[in-house]
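Understanding the architecture of this molecule
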Amino acid sequence: MNMNIKEQFQGELRTFFIISLMNLVFAALAIAFGVGIIVQQATPIVEGLKAGILPPLPSVMLIMLVLAAASFLLGLKWVTFSAKVFHGVQKIKKASDAQANHATDEEVTGLIIRMINHYREHKKIIEQMTLVCTLGGCCFLALGVMNSLEFFTTGPTSGTFTLDLHNYLLIPSALITLGMGLISLLNSFSFWKFSKVWDRRLEEIASSEGQLIRSMEQYIP
Amino acid sequence: MNGRRTPYEIYWEILVFCRTPRTFTGIINRCDLNSRTGQEYLTFLVNMGYLTKVKEGEKTTYVATDRASEYITLFSRLYQNLFNTIPGFKL
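Keep in mind that this is a model prediction, so the values were computed, not measured.

Points about the pattern of salt bridges
Two side chains of opposite charge can pair, provided their charged atoms sit close to one another. Following the criterion strictly, the structure yields eight salt bridges over all chains and no others. As a salt-bridge pair, E9(B) and R120(A) come within 2.9 Å of each other at their nearest N and O atoms. Taken together, the residues E9(B) in helix α1 (residues 7-17) and R120(A) in helix α3 (residues 105-147) connect one chain to another. For the residue pair E9(B) and R120(A), the accessibility class agrees, reading buried in each case. Linking E13(B) and R5(B) is a salt bridge whose minimum nitrogen-to-oxygen distance equals 2.8 Å. Residue class for R5(B) comes out buried when judged on its relative accessible area of 14%. Beyond isolated ion pairs, a larger network of salt bridges with shared partners links K123(A), E127(A) and D199(A).

What follows is the structure, encoded as structure tokens:
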């Protein structure tokens, strides 16, 4: 076998393994952040209700609650999808690592088939996960921006916002959520790219089945 | 191997595994097939001349013929070409 093919396959497998693992981690973080922000924003409301008063809800708080709830719900879906995809890739990578540098042609072909089947089986899930990842990334970005707002109001024809750059305590959390948003969007783009490559490979497999059929027909007894 | 394998991928798995004589049970366990579909695939491969059925007393084994090597080689080449002809996945 061409060594380049073996190395290319192992390189792609390694890359996809890392992306799947990162995806799983960020999905869990989306849930955690969602819950954390819901608790943080809802606490004054609950305390007010206990005292028999419904406190006024600034638009920033409402928006953050909605985004946090979306982040939590998306995170649950995200974790489910990510776990399925990651589990399969992990098994293939384990088998590939066990072969190390002494894999035969057939062992590598076997791994390629396993990867193809893993993609076929989880194609729909990967498409949905790309969408969920994108929405999750947007939620994180929006939360990152909202975290750094001191004041926000909108009217029918205009709006005003003030960034709170003097409150240094807000900067780390804003940067973290912005960073997570960007990485989530990058993950989403990676999954999209992965799908494009493997969709082409599936088309190539379908078109090359003709060669296999012709080779078998040569030997019909 | 799981997932929606094509018949050609299953033929390849069976033929590679049957390079040494294998029993029916061994083949369906290794290739993750049920008895009915396993029997259909083995019957097809025997009829095509890719497998030979060998009876040793009460024991029946299947072994790949020389013709099977051509199929295995062609199949491996086609699948490995997926990485030659299509740009790979890189970040």
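Here's the deal with the confidence of the model for chain B
Residue and element names in this part refer to chain B. For chain B, per-residue confidence averages 89 on the pLDDT scale, and 89% of positions sit at 70 or higher. Per-element averaging of pLDDT across chain B places helix α4 (residues 66-85) at the bottom with 88 and strand β1 (residues 22-23) at the top with 96. Under the prediction, the complex receives an ipTM of 0.87, its pTM being 0.81.

A short note on the interface of chain A and chain B
Listed by partner, the interface residues are 39 residues for chain A and 36 residues for chain B. Counting every contact that joins chain A to chain B gives two salt bridges. Summed over the shared surface of chain A and chain B, the number is six residue pairs in polar contact (both at pLDDT 80 or more). When contributions to the side of chain A that touches chain B are tallied by element, the ones reaching two or more residues are α1 (3-50), α3 and α4 (170-217) of chain A. In terms of residues, the side of chain A that touches chain B owes the most to one element, α4(A), which gives 16 residues. For the side of chain A that touches chain B, the per-class residue count stands at 18 nonpolar, ten polar and eleven charged.

Rules behind the numbers
- Residues numbered from 1 in each chain as written.
- Chains lettered and ligands numbered in written order.
- Predicted model: local features only at pLDDT ≥ 70, side-chain atom pairs only at ≥ 80, totals over all residues.
- Heavy atoms only, no water.
- Salt bridge = Lys/Arg side-chain N within 4 Å of Asp/Glu carboxyl O.
- Helix = DSSP H or I, 4+ residues; strand = E, 2+ residues; numbered from the N terminus.
- Buried < 20%, exposed > 50% of the residue type's maximum accessible area, 1.4 Å probe, protein only.
- pLDDT = per-residue confidence, 0-100.
- Contact = heavy atoms within 4.5 Å.
- Polar contact = N/O pair within 3.5 Å; in protein donor to acceptor, adjacent residues only side chain to side chain.
- Nonpolar A, V, L, I, M, F, W, Y, C, P; charged D, E, K, R; others polar.

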